[in-house]
Amino acid sequence: MSYFHWALLGMVGYSTVTLCVKLATRSGDFSSFLVLSIACLVVLVSTLTITWLRGDFSQVKADDFVSSSALWSYATGIALAVAVTSLFKALSMGPASEVVPVYGMFVIGGALLGIVFLGESINWQKIVGIITAAISIYLITR
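These figures come from a predicted structure and were not determined experimentally.

A. Main features of the side chain of Ser-32. Residue placement: Ser-32 occurs in helix H2 (residues 32-54). Since its relative accessible area comes to 3%, Ser-32 is described here as buried. In contact with Ser-32, not counting residues within four places along its chain, are Thr-25, Phe-88, Lys-89 and Ser-92.

Listed below in structure tokens is the structure:
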């Protein structure tokens, strides 16, 4: 599968997450944090299994966990925890039709960070796309 197919699969998955979180927290029996804890356990078991089956653990040494790649991995975990925890809490409090578009602005943030910090190319098409995305989020949430 190409990166595009993986991205599409991720989009479908995240779209389904939205619905599942709303359904799980709707009754008030489960808090957004309990739902997230359960979901994280499922993710942990799944990713550990995939990593083990791929043989990735056999290639890592103890000192690799203090390398720059490891440090960026820890930073990724912190950012992901903030992002997902905030999303789940927002979904438990507000309508998905408003929460998801605002959260989805990470697309704009990610594109801008890629351009600024990773030196990715910028052209008029991307600029118009970013502006159009921002306008669409504004219109959806009003």
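More follows now that the structure is in view.
B. Inspection of the packing of helix H5 (residues 106-118) against helix H6 (residues 124-140) at higher detail. Where H5 contacts H6, the axes come no closer than 10 Å and their chain directions differ by 155°. With respect to H6, the axis of H5 lies roughly antiparallel. For the crossing formed where H5 meets H6, the hand is left-handed. For the pair H5 and H6, contact is made by Ile-108, Ala-111, Leu-112 and Ile-115 and by Ile-130, Ala-133 and Ala-134, respectively. Looking at side-chain class alone, the contact of H5 with H6 contains seven nonpolar, no polar and no charged residues.

C. Geometry of the environment of Trp-52. Note on placement: Trp-52 falls in helix H2. When its relative accessible area of 60% is taken as the criterion, Trp-52 is described as exposed.

D. Summary view of the layout of surface pockets. Here the largest pocket defines a volume of roughly 1,100 Å³. What lines the largest pocket is a set of 32 residues, and nearest its centre among them are Val-43, Leu-44, Thr-47, Gly-77 and Leu-80. Those elements that provide at least two residues to the lining of the largest pocket are helix H1 (3-25), H2 and helix H3 (68-93). The leading source of residues in the lining of the largest pocket is H3, at 13 residues. Partitioned by chemical class, the residues of the lining of the largest pocket number 21 nonpolar, nine polar and two charged.

E. Structural context of the nonpolar core. Residues Val-21, Val-35, Leu-36, Val-84, Leu-87, Phe-88, Leu-91 and Val-99 constitute the largest nonpolar core, which totals eight residues. Of all the secondary-structure elements, those providing two or more residues to this core are H2 and H3. It is H3 that contributes the most residues to this core, four residues altogether. Look past the residues within four positions of Val-99 in its chain and what remains in contact with it is Leu-87, Ala-90, Leu-91 and Gly-94.

F. The arrangement of the packing of aromatic side chains in detail. A full pass over the atoms with the stated rule returns two aromatic pairs. Summarising the aromatic geometry, the rings of Tyr-14 and Tyr-103 are spaced 6.3 Å apart at their centres and angled 50° between planes, so their arrangement reads as tilted. Of this pair, Tyr-14 sits in helix H1 while Tyr-103 sits in helix H4 (residues 96-103), and the two are 89 residues apart along the sequence. Using a relative accessible area of 22% as the deciding quantity, one classes Tyr-103 as partly exposed. An aromatic cluster is present here, built from Tyr-14, Tyr-103 and Phe-106 joined pairwise through their rings.

Cut-offs and rules
Residues numbered from 1 in each chain as written. Predicted model: local features only at pLDDT ≥ 70, side-chain atom pairs only at ≥ 80, totals over all residues. Heavy atoms only, no water. Helix = DSSP H or I, 4+ residues; strand = E, 2+ residues; numbered from the N terminus. Buried < 20%, exposed > 50% of the residue type's maximum accessible area, 1.4 Å probe, protein only. Contact = heavy atoms within 4.5 Å. Axes fitted to C-alpha atoms, helices over the stretch in contact; angles between N-to-C directions. Parallel < 35°, antiparallel > 145°, perpendicular 65-115°, else oblique. Left-handed = near helix turned anticlockwise from the far one by under 90°. Nonpolar A, V, L, I, M, F, W, Y, C, P; charged D, E, K, R; others polar. 1 Å grid on protein atoms, 1.4 Å probe; cavity = no way out; pocket = protein on both sides within 12 Å on 5 of 7 lines; lining within 4 Å. Points joined across faces, edges and corners; volume = space filled by probe spheres on them. Core = buried A, V, L, I, M, F, W, Y, C linked by side-chain atoms within 4.5 Å. Phe/Tyr/Trp six-rings, centres within 6.5 Å; stacked < 30°, edge-to-face > 60°.

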